[in-house]
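Take a look at the letters that make up each chain.
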Amino acid sequence: MFLLEISSLYNILDFIFVRNKVKIVTDGAMPPLVELLKMQNSGIRELATAAILTLSAATSNKPIIAASGAGPLLVQILKSGSVQGKVDAVTALHNLSTGIENSIELLDASAVFPLLNLLKECKKYSKFAEKATALLEILSNSEEGRTAISIADGGILTLVETVEDGSLVSTEHAVGTLLSLCRSCRDKYRELILKEGAIPGLLRLTVEGTAEAQDRARVLLDLLRDSPPEKRLTSSVLEKIVYDIAERVDGADKAAETAKRLLQDMVQRSMEHSMKCIQHRAASCTPSIPST
């Protein structure tokens, strides 16, 4: 039986990798790969993962692969595979998530811990970080996923660090994940996000991120503030006030440039103030050394 499975695997791999003729996965092509993903032999599981990764790059294949039940098995590779197996599993899951309507069905909350661990270890501006944060954002759309992110050791801190150091794509997904948490229950997640020092990175993102990341950062900053909603000065209102001031000072032609410069200065000052508050809080929490 084992030799038959090995033979089946290599026939599939030869067809996919060597002949490169697979453009559409027929209904009969996925079951052997799914069965190989269930095997005890880790090497065979990871070869099957690599095959699914290759197939998942084709848009027409994605719904069929997703419907085959491969998703939960790829999550298992994500949890227990080798480094290369985990990378392949993340990439395959990311490919599949971009090609189906309800991508949350591909994943379950058990994927949160290994994804966060991988994100901790990789460069936050890497392509791999972009894929990992995209999957975490998907998981943050479920209550189980949000809970797992909040209780993971260093989970929220890892997302905050990605907001600070990530690429345009990974920062957008990271702030989207934090926003999903805070929107679902501000009272539950607000302090968890604030205590990890999220404010400076979010302020910078309102100026330097993608348009979507800027919008998400502004909304999240509004949610993190102490004041009640009816008394908050929203970011959009603040920007309008600054633009009006700039227009009166430098005229309409230069207003946009002046307003941007003023906002950047405000962001810098706010970041410095936030850092001082964080340092003061850290110092006040540090036990004093008794004199000898």
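Residues numbered from 1 in each chain as written. Predicted model: local features only at pLDDT ≥ 70, side-chain atom pairs only at ≥ 80, totals over all residues. Heavy atoms only, no water.

Chemist: I'm lost on the overall build of the protein in this one. Help?
Modeler: From N to C terminus, the protein includes 16 helices and 0 strands. Here the protein holds 292 residues, and 45% of them are scored as buried. Here the contacts in the protein between residues at least 6 apart in sequence split such that 66% fall between residues at least 24 apart. (Helix = DSSP H or I, 4+ residues; strand = E, 2+ residues; numbered from the N terminus. Buried < 20%, exposed > 50% of the residue type's maximum accessible area, 1.4 Å probe, protein only. Contact = heavy atoms within 4.5 Å.)

Chemist: Sorry if this is basic, but what is going on with the environment of Gly155 here?
Modeler: Within the element layout of this structure, Gly155 appears in helix H10 (residues 155-165). Once you skip the residues sitting within four places of it in the chain, Gly155 turns out to touch Leu116 and Ile149.

Chemist: Please clarify how the side chain of Ser56 should be interpreted in this entry.
Modeler: Position of Ser56 relative to the elements: it lies in helix H3 (residues 42-56). Since its relative accessible area comes to 0%, Ser56 is described here as buried. Only 2.7 Å separates the side chain of Ser56 from the backbone oxygen of Leu53, close enough to count as a polar contact. The residues touching Ser56, leaving out its near neighbours within four places in the chain, are Lys62, Ile65, Ala92, Asn95 and Leu96. (Polar contact = N/O pair within 3.5 Å; in protein donor to acceptor, adjacent residues only side chain to side chain.)

Chemist: Which parts of the structure should I look at to understand the pattern of salt bridges?
Modeler: Between side chains of opposite charge, a pair can form as their charged atoms come close. On inspection of all chains with the given rule, the structure shows 10 salt bridges. Note that Lys188 and Glu143 form a salt bridge whose closest N and O atoms lie 3.6 Å from each other. Here Glu143 lies in helix H9 (residues 143-151) and Lys188 lies in helix H12 (residues 186-194), a separation of 45 residues in the sequence. In this structure, Asp215 and Arg218 form a salt bridge, with 3.2 Å as the shortest nitrogen-oxygen distance. Here Asp215 and its partner Arg218 are both found in helix H14 (residues 211-224), 3 residues apart, which amounts to about one turn of the helix. Looking at Arg218, the relative accessible area reads 15%, which means it is buried. Taken together, the salt bridges that share partners define one network made up of Glu137, Glu212 and Arg216. (Salt bridge = Lys/Arg side-chain N within 4 Å of Asp/Glu carboxyl O.)

Chemist: Help me understand helix H11 (residues 168-184) in this model?
Modeler: In an α-helix, one turn spans 3.6 residues, which is why side chains three or four residues apart end up on the same side. Here H11 spans 24 Å end to end across 17 residues, near enough to the 24 Å set by a 1.5 Å rise per residue. Burial runs high along H11: 12 of the 17 residues are buried. (Expected span 1.5 Å × (residues − 1).)

Chemist: Any chance you could explain the packing of H10 against helix H13 (residues 199-208) here in plain terms?
Modeler: When two helices pack together, their arrangement is given by the angle between the helix axes and by the axis-to-axis distance. Running from amino to carboxyl end, H10 crosses H13 at an angle of 35°, the nearest separation of the two axes being 8 Å. H13 is crossed by H10, and the crossing has left-handed handedness. Of the residues in H13, those in contact with Val163, Glu164 and Asp165 of H10 are Gly201, Leu202, Arg204 and Leu205. Grouping the constituent residues of the contact of H10 with H13 by class yields 3 nonpolar, 1 polar and 3 charged. (Axes fitted to C-alpha atoms, helices over the stretch in contact; angles between N-to-C directions. Left-handed = near helix turned anticlockwise from the far one by under 90°. Nonpolar A, V, L, I, M, F, W, Y, C, P; charged D, E, K, R; others polar.)

Chemist: I would appreciate a short explanation of the nonpolar core in the present structure.
Modeler: Grouped burial of nonpolar side chains is what soluble globular proteins tend to show. Core analysis: the biggest nonpolar cluster contains 66 residues, and Leu107, Leu115 and Leu202 have the highest contact counts within it. Examining the composition of this core, we find that 7 residues originate from one element, helix H8 (residues 127-139), more than from any other. (Core = buried A, V, L, I, M, F, W, Y, C linked by side-chain atoms within 4.5 Å.)

Chemist: For this particular structure, what's the right way to read the environment of Ala48?
Modeler: For Ala48, the position within the fold is in helix H3. On a C-alpha basis, the gap between Ala48 and Leu36 in space is 6.3 Å, while along the polypeptide they are 12 residues apart.

Chemist: Just to check I follow, could you spell out the confidence of the model for the protein for this structure?
Modeler: When pLDDT drops low, the exact placement of atoms in the prediction is not to be read closely. Confidence in the prediction of the protein, expressed as mean pLDDT, is 80, and 70% of residues score 70 or more. Per-element confidence in the protein ranges from a low mean pLDDT of 53 for helix H1 (residues 2-18) to a high of 97 for H11. Low pLDDT (under 50) marks residues 20-24, which in the prediction has 10 contacts with non-local residues, meaning those over four places away or in another chain. Within the model, the stretch residues 285-292 combines pLDDT values under 50 with 0 contacts to residues more than four positions away or in other chains. (pLDDT = per-residue confidence, 0-100.)

Chemist: Please explain the environment of Thr171 as it appears in this structure.
Modeler: One can find Thr171 in helix H11. Overall, Thr171 belongs to the buried group, its relative accessible area being 3%. Spatially, the C-alpha atoms of Thr171 and Ala213 are 7.1 Å apart, while their sequence positions differ by 42 residues. For Thr171, the contacting residues outside a window of four places in its chain are Thr162, Val163, Gly166 and Leu205. Looking at Thr171, its side chain comes within polar contact range of the main-chain oxygen of Ser167, at 2.8 Å.

Chemist: Help me understand the state of the cysteines, please; the structure alone is not making it clear to me.
Modeler: Simply put, disulfide is the name for a covalent bond between the sulfur atoms of two cysteines. Applying the stated criterion across every chain, the model contains 0 disulfides. With no disulfide of its own, Cys182 lies closest to Cys185 among cysteine sulfurs, the gap being 8.8 Å. Residue Cys182 is classed as buried on the basis of its relative accessible area of 1%. (Disulfide = S-S within 2.5 Å.)

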